[in-house]
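Chain and residue survey
Next come the chains, spelled out residue by residue.
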Amino acid sequence: MKPERLDKALAGQSTWSRREVRDWIRQGLVTVDGIPVKSPEQKLDWEQHRVVVAGKELSLRPRLYLMMNKPAGVVSATRDDGCPTVVDLVPPQLRRRGLFPAGRLDKDTTGMMVITDDGALAHRILSPKSHVPKTYLARLDRPVTAEMAERFAAGIPLAGEEGACLPAALETVEETLARVVLWEGMYHQIKRMFAACGARVVELHRVAMGALPLDSGLAPGECRELTPEELVLLQARDEGPSVGKGL
Ligand code: URA
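What you are looking at is a predicted structure, and each value in this text was computed from that prediction instead of being measured. (Residues numbered from 1 in each chain as written. Predicted model: local features only at pLDDT ≥ 70, side-chain atom pairs only at ≥ 80, totals over all residues. Heavy atoms only, no water.)

1. Comments concerning the site of the ligand
Taken together, Leu 105, Asp 106, Thr 109, Tyr 136, His 188, Gln 189, Ile 190, Lys 191 and Leu 204 form the complete shell of residues around the ligand. One nitrogen or oxygen atom from the main chain of His 188 is found 3.2 Å from an oxygen atom belonging to the ligand. Note that an oxygen atom of the ligand is positioned 3.3 Å from one of the backbone N or O atoms of Gln 189. Within the complex, the protein chains bury 96% of what would otherwise be the 240 Å² of accessible surface of the ligand. It is helix 5 (residues 189–196) that contributes the most residues to the shell around the ligand, 3 residues altogether. Taken together, the residues of the shell around the ligand sort by class into 4 nonpolar, 3 polar and 2 charged. (Near = heavy atom within 4 Å. Polar contact = N/O pair within 3.5 Å; in protein donor to acceptor, adjacent residues only side chain to side chain. Areas by Shrake-Rupley, 256 points an atom, 1.4 Å probe, with all protein chains shown as cover. Helix = DSSP H or I, 4+ residues; strand = E, 2+ residues; numbered from the N terminus. Nonpolar A, V, L, I, M, F, W, Y, C, P; charged D, E, K, R; others polar.)

2. A short note on the sheet that holds strand 2 (residues 30–32)
Strands pair in a sheet through their backbones, by hydrogen bonds, and they do so in one of two ways: parallel or antiparallel. If you walk across this open sheet you meet the 4 strands as 3-2-5-6, and the pairing is antiparallel. Looking at which strands have only one partner, the edges of the open sheet turn out to be strand 3 (35–36) and strand 6 (56–58). Both strand 2 and strand 5 (residues 51–53) contribute to a ladder of 3 bridges, which runs antiparallel. Looking at the pairing, Thr 31 lines up with Val 52 of strand 5. (Pairing = 2+ DSSP bridges.)

3. Some thoughts on the pairing of strand 13 (residues 201–209)
Of the pairings in the sheet, the one linking strand 9 (residues 110–116) to strand 13 comprises 2 bridges and is parallel in character. Following the sheet pairing, Gly 111 is matched in strand 13 by Arg 206. Here strand 10 (residues 134–140) pairs with strand 13 via 7 bridges, running antiparallel. Residue Leu 140 lies in a different strand from strand 13, and its bridge partner there is Val 201. A loop of 2 residues connects strand 13 with strand 14 (residues 212–213), the two strands running antiparallel in sequence, and Gly 210 in this loop sits at a positive phi of about 60 degrees.

4. Topic: the pattern of salt bridges
On inspection of all chains with the given rule, the structure shows 15 salt bridges. Between Arg 139 and Glu 174 there is a salt bridge; the shortest N-O distance is 3.1 Å. Of this pair, Arg 139 sits in strand 10 while Glu 174 sits in strand 11 (residues 169–174); the two residues are 35 residues apart in sequence, bridging distant segments of the chain. Look at Glu 174 and you get partly exposed, because its relative accessible area is 41%. Each of Arg 5, Asp 7 and Arg 22 takes part in one network of salt bridges that share partners. (Salt bridge = Lys/Arg side-chain N within 4 Å of Asp/Glu carboxyl O. Buried < 20%, exposed > 50% of the residue type's maximum accessible area, 1.4 Å probe, protein only.)

5. With respect to the nonpolar core
By size, the foremost hydrophobic cluster in this structure holds 35 residues, and its most contacted members are Phe 152, Ile 190 and Phe 194. Among the secondary structure elements, those contributing two or more residues to this core are strand 7 (65–70), strand 9, strand 10, helix 4 (146–154), strand 12 (177–182), helix 5 and strand 13. Not counting the four nearest positions on each side in its chain, Phe 152 is found in contact with Leu 166, Pro 167, Ala 168, Leu 170, Val 180, Met 193, Phe 194 and Cys 197. If you look at the next biggest cluster of nonpolar residues, it comprises 16 residues, including Ala 102, Met 112, Leu 218 and Leu 231. (Core = buried A, V, L, I, M, F, W, Y, C linked by side-chain atoms within 4.5 Å. Contact = heavy atoms within 4.5 Å.)

6. Some remarks on the side chain of Gln 13
Among the secondary structure elements, Gln 13 is positioned in the loop between helix 1 (6–12) and helix 2 (18–26). Accessibility expressed as a relative area gives 12% for Gln 13, which makes it buried.

7. Thoughts on unusual backbone geometry
A positive phi angle is found at Ala 54, which is not glycine, with a value near 50 degrees. Looking at the secondary structure, you find Ala 54 in the loop between strand 5 and strand 6. A positive phi angle, near 50 degrees, is found at His 188, a position not held by glycine. With respect to the element layout, His 188 can be found in the loop between strand 12 and helix 5.

Taken by themselves, the reported measurements are silent on function.
Structure follows, in structure tokens:
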């Protein structure tokens, strides 16, 4: 990472404006490696410098990757007029400009959500061409059947313009609980796939993305940063049942 101007770096990794950062520098509230900063143009090397603002050390990273346990009743968007969003739930110390949820979950769906400011990463984990699986637990209003699994594996045709779904994996966990793995993300996809099989999804919870499971220590609404190792697991490919179908 190239050294960057201090005011740009700090404003880019927070919700502060550059003007606020400059004001603090002027007031002597910003130190780099213990030395008060004199100019907002001072260059900052992300990996080497220790930056303290008003007595609080900042942990600077060019991009932020958060795992959230999305609760029901919250929309997976950056902003919404009537409802809290997953971005609203990010605690102040982790907030920064440009955060967005990588992919959508319905308002009533719970579980794993990645929130980031890295558009390229989001594209990589969401594009069906990347073969990054998303794993869900779906509670149905009736028993899971072998026929449902066969239809999921063959690719369920959806009403509308989207055509058929890619082949998906379905496994019975309990009589009315199924584990479903998708390699794409169409609107209400799992609910519509089960509806095509005559079943209604009464609860839906995402348990993993790529090879990364949801941290069971995260209470609904909580989030935390991913470790570098977890970031690799998040992007893990699994060719899945679509291999040989043009992807
Ligand atoms: N499929 C759905 O129907 N809803 C979700 O939130 C995710 C997948």
